[in-house]
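Each chain, written out:
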Amino acid sequence: MCITLICIDAIKLLQERGFFVKESLNSLWNLFQERKLSRRTFMKSCVALTAILGLPPALTNKVVAAAETKELPTVIWLHGHECTGCDESFIRSTSPFASDVILNMIALEYDDTLAAASGEPFEHHLHHLLESKKGKYVLAVEGGVPLDENGSYCQVGGRPFVDVLKECAEGAAFIIEYGSCAAWGGIQAAKPNPTNTVSVSSIVKGKKIIKVPGCPPIPEVMTGVIMHYALFGEIPPLDVEGRPKQFYGNRIHDTCYRRPFFDSGLFVEHFDDDASKAGWCLYKVGCRGPETYNSCGNLRWWNGLSYPIQSGHGCIGCSEKGFWDNDNFYQRLPHIHTPNTITDVDTLGTVAGFGAFGAVIAHGGITLAKHKYDSIQEEKKYLAEQEAKQKEAEQKGSDQ
Amino acid sequence: MLPLNKKPYRVFSLWLRIFHWTMVLCVTALFWTGLYIGNPGFQATPGSVEPTIAVGGWFSMEMIRKIHFIAAFILIASLVFRIYGGIRYRGDRLFPRFHKKSYWIGIWDTMKHYMMLPQQREHRFLRNSLARTSYVGVYVMLFLEICTGLAMYAQVYPDTWVAQIFNPVNLLFTEYQVHMIHHYIAWGFLLFTIIHVYLAFREDVMEESGEVSSMVSGMKFYPTDPEDIEDLYGPNKK
């Protein structure tokens, strides 16, 4: 019930601020003044923003200055081959106050999922935007791009998504790939990838692209990336894979509150054992924390309420490339991806080790046997030769 | 006792012998600690251990990982010294000579030798073609293990220079696959060790060339010059 109310509220806010706003867009401070919010509230929001953006407290002044003067960025939000779960995540970033602010700080001009009821006129609005805001708007893309059959596996407004994406990407200031589908291809790209779905960055070349992977990404992370651009006019520092460092700089494993149990070697063996109740490490039941970069360990979800590991379920590494193919999620070592095998590499290695050991012993045995056989043969040959010589000598003797 | 009709050859430098055994110890430690890290087998249940002090125990993940990392860095250092030795001494770089016809004939001859098929004449090598190839294989495996290992090690500190160098490994695959590849290759070392030790002992028993002790003394013994003596003394000297 509460969530529904929040949703309705969020959509209302979106409509208020985001849609069909044609007049010049204002800064955050103007927005606060319009809403009759105090300077104190504004300052508190800026401090919260600084923290969420992963900036040191000393930079609060800069954040305040930017929030007073910078115009809200226009955002066009496209949806491709996906489940719209990232949208669901995004609109839930309203529950904490700071996130509410963040949501109001962007001018979300086009989001076809949230405005599905608007129909055809909304598409015209998009074309208007592409021309009037050329080179200035931020393009947020959610969902993968299917390429097979000329991209007809995913149609938006009656056109293949790949065409829409290329058209919108051309005039974008930069592109944000929201969610694992846009960033890596997503679940629909799982082997054997029947629709040949790829990431946005493999279609669009020559643009600055920020990857914000996750299935879905953390709401505060989604909004925080846009915020960073809104306040500083530049994209956040990215790591080698193109993800913002402030949110994807640490592994879940290194920020996990259950890490001490890992270091102590205290592991959950089954989901129903005492160790599970005691909250020990989920490494042995398949937690992908050691291979996953995300902020779940420190930001957590739903206003810091919880995250999968805190709820007793291992991380499945949903923000990592190819996580969908790394099954089984409940085992540390997956089964080898060969049809009709039910073994893992350790079993295979042990069998191969014993096999090699047996083969070596057999080979050694055969070597020794052959050596023995050869020497017996040689001895026989030698004896036969000796005998022949003796006979010859005897014959010679008898002849004489 | 040394048979009187055999000549001694100094093949391996002290440099190689020391770091061969260092690497044996390191790889052994790495293999078993690695297996534990992949699948921590010693089970603790609530009540059997006190979580507050468990981290200091010998079989805590912390300790096993520490041993793994220390052994890994010693291994990397030994490899660097081995490479130096290989540059310095001829006997330390008995690698396959792919461009030479004798290498390819040697492969076939050695295979026949191990399959115990009859041969026209006896072949004697300082190191036969198959062994040369397998050692290159081991160095490749070591290289892959070091690359994936350091890539994983640097995942904790993505801003350090180690990460700058080895992060691209994560890009080639995924973080999870890098863990898996590291784990798969480790089993290759076990298989290599079994076959390597067996063949060394077999050679020593059958040929009486001091194959096993050569890794301690550096000496091998042959009645006549081995066919690949050129690799030890250089092309000019006989």
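Note that this is a predicted model, so its numbers are computed, not measured.

Comments concerning the overall build of chain A
And then number 1: For chain A, the helix and strand inventory stands at 15 helices and nine strands.
And then number 2: Taken across its 400 residues, chain A has 40% of its residues classed as buried.
And then number 3: In chain A, 72% of the contacts between residues at least 6 apart in sequence involve partners at least 24 apart.

Brief notes about the overall build of chain B
And then number 1: When helices and strands are tallied, chain B shows nine helices and two strands.
And then number 2: From first element to last, N terminus to C terminus, chain B shows the α and β order β-α-α-α-α-α-α-α-α-β-α.
And then number 3: Across the 238 residues of chain B, 26% fall into the buried class.
And then number 4: Across chain B, the fraction of contacts at a sequence separation of at least 24, relative to all contacts at a separation of at least 6, is 67%.

Overview of the sheet that holds strand β7 (residues 174-178) of chain A
Residue and element names in this part refer to chain A.
And then number 1: Strands sit in the order β2-β1-β3-β7-β9 across an open sheet of five strands; the sheet is parallel. The sheet terminates laterally at β2 (107-111) and β9 (209-212), the two strands that pair on one side only. Within the sheet, the average angular offset between the axes of one strand and its neighbour, ignoring direction, is 20°.
And then number 2: Relative to β9, β7 runs parallel, the two being bridged by four bridges.

Focus on helix α5 (residues 129-154) of chain B
Working note: α-helix, 3.6 residues per turn, so residues spaced by three or four point in the same direction.
And then number 1: For α5 of chain B, spanning 26 residues, the distance from its first C-alpha to its last is 37 Å, which sits close to the expected 38 Å at 1.5 Å a residue.
And then number 2: At its buried positions, α5 of chain B is contacted by α3 (61-88), α4 (101-114), α6 (161-172) and α7 (175-207) of chain B.

Quick word on the interface of chain A and chain B
And then number 1: Taken together, the 39 residues of chain A in the interface contact 37 residues of chain B.
And then number 2: Taken together, the elements giving at least two residues each to the side of chain A that touches chain B come down to α13 (259-264), α14 (274-277) and α15 (345-399) of chain A.
And then number 3: At twelve residues, α15 of chain A tops the list of elements feeding residues into the side of chain A that touches chain B.
And then number 4: Looking at the side of chain A that touches chain B residue by residue, the classes come out as 14 nonpolar, ten polar and 15 charged.

Some details on the pairing of β7 of chain A
Residues and elements named next belong to chain A.
And then number 1: With four of five residues buried, β7 is to be regarded as a mostly interior element.
And then number 2: Pairing analysis gives five bridges linking strand β3 (residues 138-142) to β7, with the strands arranged parallel. Looking at β7, one finds that Ala140 is bridged to Ile176.

Observations regarding the confidence of the model for chain A
All names here are of chain A.
And then number 1: With 88% of its residues at a pLDDT of at least 70, chain A reaches an overall mean of 83.
And then number 2: Across residues 18-24, where pLDDT falls below 50, the model places six contacts with residues more than four positions away in sequence or in other chains.
And then number 3: Low pLDDT (under 50) marks residues 95-99, which in the prediction has 13 contacts with non-local residues, meaning those over four places away or in another chain.

Notes on the domain arrangement of chain A
And then number 1: Considered domain by domain, chain A is made up of domain 1 (2-248), domain 2 (251-334) and domain 3 (344-382).
And then number 2: At the level of elements, α9 (179-184), α10 (219-232) and α11 (245-248) of chain A are the ones that each hand at least two residues to the side of domain 1 of chain A that touches domain 2 of chain A.

Here we look at the confidence of the model for chain B
And then number 1: Looking at chain B, the pLDDT average stands at 85 and 96% of residues meet or exceed 70.
And then number 2: Scored as a whole, the predicted complex attains pTM 0.81, and scored at its interfaces, ipTM 0.83.

Quick notes on the nonpolar core
And then number 1: The biggest cluster of nonpolar side chains holds 89 residues, and the ones touching the most others in it are Val75, Val138, Leu139, Val141, Leu165, Ile175 and Cys281 of chain A.
And then number 2: It is α10 of chain A that provides the largest number of residues to this core, a total of eight residues.
And then number 3: Membership of the second largest hydrophobic core comes to 15 residues, among which are Val11, Leu30, Ala71 and Phe125 of chain B.

A word on the environment of Pro236 of chain A
All names here are of chain A.
And then number 1: Inspection of the secondary structure puts Pro236 in the loop between α10 and α11.
And then number 2: You can call Pro236 partly exposed: it has 19 C-beta atoms within 10 Å.
And then number 3: It is 8.0 Å that separates the C-alpha atoms of Pro236 and Gln246, two residues lying ten residues apart in sequence.
And then number 4: In contact with Pro236, not counting residues within four places along its chain, are Val225, His228, Pro244, Lys245 and Gln246.

Remarks on α4 of chain B
And then number 1: Here α4 of chain B is 14 residues long and its end C-alpha atoms lie 20 Å apart, about the 20 Å a rise of 1.5 Å per residue gives.
And then number 2: Phi turns positive, to about 60°, at Met116 of chain B, one or two residues after α4 of chain B.

Quick look at the environment of Ser89 of chain A
Residues and elements named next belong to chain A.
And then number 1: With respect to the helices and strands, Ser89 occurs in helix α5 (residues 85-91).
And then number 2: By the C-beta count within 10 Å, which is 22 here, Ser89 ends up buried.
And then number 3: Separated by 13 residues in the primary sequence, Ser89 and Ile76 have C-alpha atoms spaced 17 Å apart.
And then number 4: Filtering out sequence-adjacent residues up to four positions away, Ser89 remains in contact with Pro216, Pro217, Pro219 and Met222.

Cut-off values and rules
- Residues numbered from 1 in each chain as written.
- Chains lettered and ligands numbered in written order.
- Predicted model: local features only at pLDDT ≥ 70, side-chain atom pairs only at ≥ 80, totals over all residues.
- Helix = DSSP H or I, 4+ residues; strand = E, 2+ residues; numbered from the N terminus.
- Buried ≥ 20, exposed ≤ 12 C-beta atoms within 10 Å, placed from the backbone.
- Contact = placed C-beta atoms within 7 Å.
- Pairing = 2+ DSSP bridges.
- Axes fitted to C-alpha atoms, helices over the stretch in contact; angles between N-to-C directions.
- Expected span 1.5 Å × (residues − 1).
- Nonpolar A, V, L, I, M, F, W, Y, C, P; charged D, E, K, R; others polar.
- pLDDT = per-residue confidence, 0-100.
- Domains from an automatic or database assignment.
- Core = buried A, V, L, I, M, F, W, Y, C linked by C-beta atoms within 7 Å.

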